[in-house]
Amino acid sequence: QVLSDVFNAPVFTIDTANSACLGSAYRAIHGLVAERNVSFADVVKLAPEPRLAVTPTPGAEELYRPLLKRYAELEQKVIYNPASSC
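Calculation notes
- Residues numbered from 1 in each chain as written.
- Predicted model: local features only at pLDDT ≥ 70, side-chain atom pairs only at ≥ 80, totals over all residues.
- Heavy atoms only, no water.
- Salt bridge = Lys/Arg side-chain N within 4 Å of Asp/Glu carboxyl O.
- Helix = DSSP H or I, 4+ residues; strand = E, 2+ residues; numbered from the N terminus.
- Buried < 20%, exposed > 50% of the residue type's maximum accessible area, 1.4 Å probe, protein only.

Naming follows an unreviewed UniProt entry, where the protein appears as XYLB kinase of Drymodes brunneopygia.

Spelled out as structure tokens, the structure:
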């Protein structure tokens, strides 16, 4: 639920062991075939059907939007000027 609220997006799951590893494997395959203009959607056509797990809590976006903006600002500060961010 936290991921859904923070990023204001639905979260889907699949019923398979090590689904995060499976997702990484699909991304790796996509990287290998991307130069042949194969879309990611084509790569995952045979993947297990995802199931909606949660949707964002109404109003959560108003809480998290400014926090995500601040996080992005801090991240850019660290990336572009790491010595001053310590």
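### Points about the pattern of salt bridges
Note on pairing: side chains with opposite charge can pair once their charged atoms come close. This structure, assessed with the given rule, holds four salt bridges. Of the charged contacts in the structure, one is a salt bridge between E73 and K69, with a shortest N-O distance of 2.7 Å. Of this pair, E73 and K69 both sit in helix α4 (residues 60–80), four residues apart, which is roughly one turn of that helix. K69 gets classed as exposed once you look at its relative accessible area, which sits at 54%. Through salt bridges with shared partners, one network takes in K69, R70 and E73.

### With respect to the environment of A47
The topology assignment puts A47 in the loop between α3 (40–43) and β2 (51–54). On the basis of relative accessible area, A47 is assigned to the partly exposed category, the value being 23%.

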